[in-house]
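Structural characterization, general
What follows is each chain in one-letter form.
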Amino acid sequence: MKTNIICFGEMLWDVLPTGKQPGGAPMNVAVHLKNLGHNPQMISRIGHDELGKELLDFLKEKGLTTDLIQQGETHLTGVVKANVSDKNEVTYKIVQPVAWDYIQCDEALETTVANADVFVYGSLAARSAASADTLFRLLKKARFKVFDVNLRAPHYDQNTLEQLLRAADMVKMNANELDMLAAWYAPNDDEQSAIITLAETFDIQTICVTKGEHGAMLWTGGKFYQSAGFRVDVQDTIGSGDSFLAALLTCLLEGQSPADSVQFACAMGSLVATYRGATPLVTASEIHSFLTPQIQ
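A few points on the structure. For every chain, the first residue of the written sequence is number 1, and numbering continues from 1 along that sequence. With pLDDT at 70 or above as the cut-off, local features in this predicted model cover only qualifying residues; side-chain atom pairs require 80 or more to be listed or tallied, and sums for whole chains, interfaces and linings still use all residues. Computation of side-chain values covers all heavy atoms of the structure but excludes hydrogens and water.

**Considering the sheet that holds strand β12 (residues 216-220)**
To be explicit about the condition: The pairing criterion is simple: DSSP has to find at least two bridges between the two strands. The numbering of helices and of strands both runs from the N terminus, where a helix is a DSSP run of H or I of at least 4 residues and a strand a run of E of at least 2. A fitted line through C-alpha atoms represents every axis, and for helices the fit uses only the stretch in contact; the resulting angles, taken between N-to-C directions, go from 0 to 180 degrees. By definition, residues are in contact when any of their heavy atoms lie within 4.5 Å.
Overall, mixed pairing links the 9 strands, which are arranged β5-β4-β1-β8-β9-β10-β11-β12-β13 in an open sheet. Here the strands that pair on one side only, and so sit at the sheet edges, are β5 (69-72) and β13 (223-227). Put simply, the sheet's adjacent strands are angled 15 degrees from each other on average, direction ignored. Sheet topology places strand β9 (residues 145-148) next to strand β10 (residues 170-174); 3 bridges connect them, and they run parallel. Directly across from Asp148, in β10, lies its bridge partner Lys172. The strands touched by helix α3 (residues 107-114) are β1 (4-8), β4 (39-47), β5 and β8 (118-122); relative to β4, the strand with the most contacts, the crossing angle is about 150 degrees. Its contacts with the sheet put helix α9 (residues 258-273) on β12 and β13, and the angle it makes with β13 is roughly 35 degrees.

Right, dumping it as structure tokens:
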């Protein structure tokens with residue numbers, strides 16, 4: 001069954017030494033959700049320019065509707081300069097302001113979000129007052145809210161993060177982001193205790209922490225589940241975390257066990273890292289084929 005999932009936030013171009021690639025965490029999540037059989041929609045804003053047109057064409061090629069993507073004359077389509085000198089830890093220079101800093105809200109958009117099954121959002125799109133206001137209005141309408149933490153200095157502040165955490169039913173972050181949040185709310189806690197402290201502080205049902213090549217840890221239903229991860233030949237890690245979230249959501253929505261879900265998601269993230277770019281086509285059957293020898 002296809003699930004109606006809405007992803008909110010930035011869509012942009014990652015500028016790499018080898019050329020530009022479509023990107024932005026929410027858009028990457030949406031593309032991978034589509035590849036896994038869902039019916040995602042993307043809420044964002046692009047400029048009325050050639051880069052914006054190319055992003056719309058990209059989404060259409062991937063089979064996604066572009067009905068909820070706004071176009072503006074005032075600001076250009078987003079661009080991020082990615083430094084991939086360390087293929088395991090990509091760093092970014094994020095241009096500001098750009099079109100996705102000005103996502104507008106209206107009643108029709110609120111109704112669309114209210115009718116969706118899942119609403120996925122990140123912290124980066126809340127860096128500007130206009131998009132943050134839209135995001136908080138939509139969060140009040142959303143049924144099940146998934147916060148994909150994406151801390152890119154200097155594009156966040158503690159007060160906004162607290163509001164985003166408090167709104168979430170499920171949160172996904174990486175190990176570095178857990179360390180940063182733990183420094184504020186659980187400075188003396190070990191990793192698992194810090195996760196529980198965050199869950200209790202902000203009333204979060206499910207928290208997942210990704211650890212790159214070391215797998216991931218999932219806390220849900222008051223229990224921890226872990227995957228040790230997989231060794232693969234990494235090309236770059238752009239989009240690996242986004243594909244992980246898409247796969248984890250897929251499994252949990254299908255009612256799979258938390259243990260199987262985090263294992264499947266780690267496999268997805270690992271496979272995406274074997275390609276260049278954020279949105280290679282990795283299907284569920286390919287993931288199952290990859291997992292089969294791992295469990296024998």
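**Comments concerning the pattern of salt bridges**
Going by this rule: Every case where a carboxyl oxygen of Asp or Glu lies within 4 Å of a side-chain nitrogen of Lys or Arg is listed as a salt bridge. Residue burial is assigned from relative accessible area. The probe radius is 1.4 Å, only protein chains are included, and a residue is buried under 20% of its type maximum, exposed over 50%, and partly exposed in between.
Tallied over the entire structure, the rule returns 7 salt bridges. A salt bridge links Asp57 to Lys53, with the nearest nitrogen and oxygen atoms 3.0 Å apart. You can see Asp57 and its partner Lys53 sitting in helix α2 (residues 50-61), 4 residues apart, about one turn around the helix. The class for Lys53 is partly exposed, based on a relative accessible area of 45%. A salt bridge links Asp148 to Lys172; its shortest N-O distance comes to 3.2 Å. Here Asp148, found in strand β9, pairs with Lys172, found in strand β10; they are 24 residues apart in sequence, far enough to count as distant. There is no split in this pair, since Asp148 and Lys172 are both buried.

**Section: empty space enclosed by the protein**
Just so we agree on the cut-off: For cavity detection a 1 Å grid was placed over the protein atoms alone, and a set of points counts as a cavity when a 1.4 Å probe fits there but cannot get out; an open set counts as a pocket when protein lies on both sides within 12 Å along at least five of seven lines, with lining residues being those that have an atom within 4 Å of a point. Grid points are joined across faces, edges and corners, and a volume is the space filled by probe spheres set on the points.
A full pass over the atoms with the stated rule returns 1 cavity of 30 Å³ or more. By volume, the largest cavity amounts to about 70 Å³. In terms of lining residues, the largest cavity is bounded by Glu10, Ala25, Pro26, Val29, Val120, Tyr121, Gly122, Ser123, Leu124, Asp148 and Asn150. When contributions to the lining of the largest cavity are tallied by element, the ones reaching two or more residues are α1 (25-35) and β8.

**With respect to the pairing of strand β2 (residues 12-16)**
For β2, a buried count of 4 out of 5 residues is recorded, marking the element as mostly surrounded by other parts of the structure. Bridge count between β2 and strand β3 (residues 19-23): 5 bridges; the pairing is antiparallel. Looking at the pairing, Asp14 lines up with Gln21 of β3. Linking β2 to β3, which pair antiparallel, is a turn of 2 residues. The pairing of β2 with strand β6 (residues 78-83) spans 4 bridges and is classified as parallel. Following the sheet pairing, Leu12 is matched in β6 by Gly78.

**Looking at the packing of aromatic side chains**
We apply this condition: When the centres of two rings from Phe, Tyr and Trp lie within 6.5 Å, Trp using its six-membered ring, the rings pair. Their planes under 30 degrees apart give stacked, over 60 give edge-to-face, and anything left gives tilted.
The tally for this structure, following the rule as stated, stands at 6 aromatic pairs. Centre to centre, the rings of Tyr121 and Phe147 are 5.1 Å apart; their planes meet at 5 degrees, and the pair counts as stacked. Residue Tyr121 is found in strand β8, and its partner Phe147 is found in strand β9; the two are separated by 26 residues along the sequence. Exposure class is identical for Tyr121 and Phe147. Each is buried. Between Phe230 and Phe290 the ring centres are 5.2 Å apart and the planes differ by 75 degrees, which places this aromatic pair in the edge-to-face class. With Phe230 in the loop between β13 and α8 (240-253) and Phe290 in helix α10 (residues 284-295), the pair connects residues that are 60 residues apart, well separated along the chain. Taken together, Phe8, Phe119, Tyr121 and Phe147 form an aromatic cluster joined through their ring pairs.

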